[in-house]
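Residue strings, one per chain:
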Amino acid sequence: MATPELVGNYTPPVSAWARFIRWASRDRVFKWVPFVPTQALFMFMMPAFALLIYLSFINWRLTRGDWWEAGYYAVKNFGRVLTDERFVGSIGNTLLYAFTSVPVEFVLGLLLALAAQKITRGRSFFSGIFLVPMMMVPVVVGYNFTMIFSEAGPFNQLLSFLTGSDVRVNWLADFVMSKVAIILADIWQWTAFMFLMLMAGLTGIPEEPIRAAKILGANSWQIFWKITLPMLKPVITIAIVLRLLETLKVFDTVLLITGGGPGTSSESVAMTIYKVGWEYNRISRSAAMALIVFFGTMVMVFIGFWLVRRQQRAIEEGLV
Amino acid sequence: MAQAYGMTRSRKSFFAKTSSYMFLLFWLFVTLFPIFWMVSTSFKPPQEWFAWPPIWIPVEPTINNYEEILAIGPGGTGSENTKLAGAQQVLTAILPIRDSLIVAIISSTIAVVLGSFLAYTISRYQTGGKRYPYILLMIRMMPPIVIAVPVLAYFSLPWWRGALHDNYLGLILPYVLITLPYAVWLMLSFMHEIPRELENAARMMGAGRILVMRKVIIPLIRPGLAVTFIFTFILNWSEFLLAYTLAGQKLVTVTVQLSQYEAADVGRLYGPQAAFGTIAIIPLIILGFMIQKHLVTGFSFGMVRK
């Protein structure tokens, strides 16, 4: 027969697992639980970035053995790369794509958002359909535009219809039109993003200032420039910065639409790095390019984040 | 006078409304046209691919294109006895779809589990400091080609070459790395909506950490988890560059296979490619409509909300 004390103080045996859970659920420990595996993943991938620097100083080709056996090449890669017209041109192209397509997307998106605000019926129908391009696989968008701009494509048909003559031009072999096709593909896919962001911003604008301005005799033009647009500023900044940073990565559509051609005239930076590294096997040279692009992107990202954070604070403080 | 004023007023708004509708309809046409063209091409027989004037609606509609890509030939390369003139074989869609599903589902699951957990500790304990989310976001802003060059060399080290080079794990790790920022930022915006008092109340009543997680947090963020999963799935499914550079021989994803029809020497196989494209985007469009309301949040990393 058990003694009374034993019955009263009986505690079930605690398994190691339960003790572990109890240990892990203390605040002090718990807050690091997801952080540790994430950091572990980063730690695992980190050496790769050190490797990027190493790769850019050796002379390694994909077809020539392993990279740890390749010879030292000093800064010759950088010298070659920086004087390479192709690389410099591709940087120019990437900036051209980003700084032409994003403003057009913004203007179109703003007009669409304003138009969608005006109408009474079918708003969700329109915005539902407009979203579809954003969900498309970029590769699919790419070859859709190759079909449209091909010699026997609907774009030529449209031009024939408009001009009344038989237009049969291979647009993608043209130095200017190949770039236009790439820009158009981006506009087609991402105007919806601007539209969505600006719609969200427009619905968040309070009615009072607009009504007050109307009573004071402002016309709709003044209201748009003096009230609506300033109030949209945070959303506009965030949308444009995110879109610009995203467009600088462009690769899929360029590869599919023009393949960088004619020649190398429409290559984006990512495309040049890929071609030099994988098609011409000069992976070390493409590592040097990647390093330069890395630092360039860092500068852009810092500027972008600085702009975004300022606007985010404005949103959080309710200034808008 | 007042009446006249009212009339110009209403006429003006009528004009504004009509032009708005016109513009929206115009963009509707622009949006739908490439998709329509692809779907229509996927039903065209070879002689209609390059016809002039272009054929909008297939004269002799056929499902041959779908049959070709959905067949698996010997060695998994695709149908060998193709009916398409000039083509030796048409690449199969089945194996890439399988591989893409494996890679996308596993990496999205890891990213969502890790990301939501991380978002929770970031929002409650500021784990990693105030700048940590921004550091994460910076990874996402890197062009993938900058990741691809060194990672290719890194993964070809003899210690793990077998597991990482041109293999599932070798794609899953970078995919988790680049979708984790999305997952964290999206989940952060969902986490901020859960009142802290709710948790504290449950803790006060004696519920343990696990119980609070199970009964309070997870039910409240379940929609957020679903949205984040779908979102990262869409990103992973559409990812092309890393799949093209880090894999591509043994492990071929949908996007890589799609680009192969273009490079084929046997001429452009518009029909099968369009059929494959149609198959590849249908799940994304369905998933996208499911999270339609959250797309703004998703694409803006939760910075802008509806």
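Residues numbered from 1 in each chain as written. Chains lettered and ligands numbered in written order. Predicted model: local features only at pLDDT ≥ 70, side-chain atom pairs only at ≥ 80, totals over all residues.

Here we come to the overall build of chain A. When helices and strands are counted, chain A shows 16 helices and two strands. Expected size for 320 residues packed as a compact globule is a radius of gyration near 20 Å; at 28 Å, chain A overshoots this value by more than 25%. Counting every position in chain A, which comprises 320 residues, the buried fraction comes to 38%. (Helix = DSSP H or I, 4+ residues; strand = E, 2+ residues; numbered from the N terminus. Rg over C-alpha atoms; globule rule 2.2 N^0.38 Å. Buried ≥ 20, exposed ≤ 12 C-beta atoms within 10 Å, placed from the backbone.)

Further remarks concern the overall build of chain B. What chain B contains, in helices and strands, is 13 helices and two strands. Partitioning the intrachain contacts of chain B with sequence separation of at least 6 by distance along the chain shows that 68% fall at a separation of at least 24. (Contact = placed C-beta atoms within 7 Å.)

Bringing the packing of helix 13 (residues 220-247) of chain A against helix 16 (residues 283-316) of chain A into the picture now. Angle between the axes and distance between the axes are the two parameters that describe a pair of packed helices. Residue and element names in this part refer to chain A. Packing of helix 13 against helix 16 leaves a shortest axis separation of 9 Å and a crossing angle of 155°. The pairing of helix 13 with helix 16 is recorded here as roughly antiparallel in orientation. Of the two possible hands of crossing, helix 13 and helix 16 adopt the one that is left-handed. Where helix 13 approaches helix 16, its residues K233, P234, T237, I238, V241 and L245 are matched on the opposing element by M300, V301, G304, L307, V308, Q311, A314 and I315. Of the residues belonging to the contact of helix 13 with helix 16, the class tally is 10 nonpolar, three polar and one charged. (Axes fitted to C-alpha atoms, helices over the stretch in contact; angles between N-to-C directions. Parallel < 35°, antiparallel > 145°, perpendicular 65-115°, else oblique. Left-handed = near helix turned anticlockwise from the far one by under 90°. Nonpolar A, V, L, I, M, F, W, Y, C, P; charged D, E, K, R; others polar.)

With that settled, consider the interface of chain A and chain B. The partner chain B presents 73 residues to the 80 residues of chain A that form the contact. For the side of chain A that touches chain B, a count of residues per class yields 65 nonpolar, 11 polar and four charged.

Glancing now at the nonpolar core. A:M197, A:A290, B:I145 and B:V149 are the most contacted members of the largest nonpolar core, which totals 165 residues. Apart from the residues within four sequence positions on either side, B:I145 is in contact with A:F251, A:A270, A:I273, A:Y274, A:A290 and B:L241. (Core = buried A, V, L, I, M, F, W, Y, C linked by C-beta atoms within 7 Å.)

Residues and elements named next belong to chain A. Checked against the element boundaries, S127 lands in helix 7 (residues 123-130). By C-beta crowding, S127 is classed as partly exposed, having 19 other C-beta atoms within 10 Å. Sequence separation between S127 and W32 is 95 residues, and the spatial gap between their C-alpha atoms is 42 Å. When sequence neighbours within four positions are dropped, the list of residues in contact with S127 reads A116 and M199.

Let's shift gears to the packing of helix 4 (residues 35-55) of chain A against helix 3 (residues 94-125) of chain B. As a packed pair, helix 4 of chain A and helix 3 of chain B sit with axes 9 Å apart at the nearest point and diverge in direction by 120°. By the criterion of interaxial angle, the relationship of helix 4 of chain A to helix 3 of chain B is oblique. Across the interface between the two elements, A:F35, A:P37 and A:T38 from helix 4 of chain A touch B:L114, B:L118 and B:T121 from helix 3 of chain B. In terms of residue class, the contact of helix 4 of chain A with helix 3 of chain B is built from four nonpolar, two polar and no charged.

This part takes up unusual backbone geometry. Within the chain, A:N281 stands out as a residue other than glycine whose phi angle is a positive 65°. In this structure, B:D166 takes a positive phi of about 55° despite not being glycine. Along the chain, B:D166 falls in the loop between helix 6 (161-164) and helix 7 (168-191).

Moving on: the confidence of the model for chain B. Residue and element names in this part refer to chain B. Mean pLDDT over chain B stands at 84; residues scoring 70 or higher make up 89%. Scored below 50 in pLDDT, residues 1-6 shows zero contacts in the model against residues more than four places distant or in partner chains. Reported for the predicted complex are a pTM of 0.88 and an ipTM of 0.86. (pLDDT = per-residue confidence, 0-100.)

Taking 1.5 Å of rise per residue, 21 residues should cover 30 Å, and helix 4 of chain A covers 30 Å from first to last C-alpha, within 8% of that figure. At A:F44, helix 4 of chain A shows its largest bend, some 30°, and a proline, A:P47, comes one to four positions later. Taken as a whole, helix 4 of chain A has its buried residues at A:T38, A:A48, A:L51, A:L52 and A:L55. In this structure, the buried side of helix 4 of chain A is in contact with strand 1 (58-59) and helix 16 of chain A together with helix 3, helix 5 (144-155) and helix 7 of chain B. (Expected span 1.5 Å × (residues − 1). Bend = angle between axes of the 7 residues up to and from the residue.)

This part covers the confidence of the model for chain A. Mean pLDDT over chain A stands at 86; residues scoring 70 or higher make up 95%. Helix 6 (residues 85-118) of chain A holds the highest mean pLDDT among the elements of chain A, 93, whereas helix 1 (residues 4-8) of chain A holds the lowest, 55.

In this section: the environment of A:Q189. All names here are of chain A. Assignment of secondary structure puts Q189 in helix 11 (residues 175-203). Separated by 99 residues in sequence, Q189 and S90 have C-alpha atoms that sit 22 Å apart. Among all residues touching Q189, those that are not within four sequence positions of it are P133, M134, M136 and V141.

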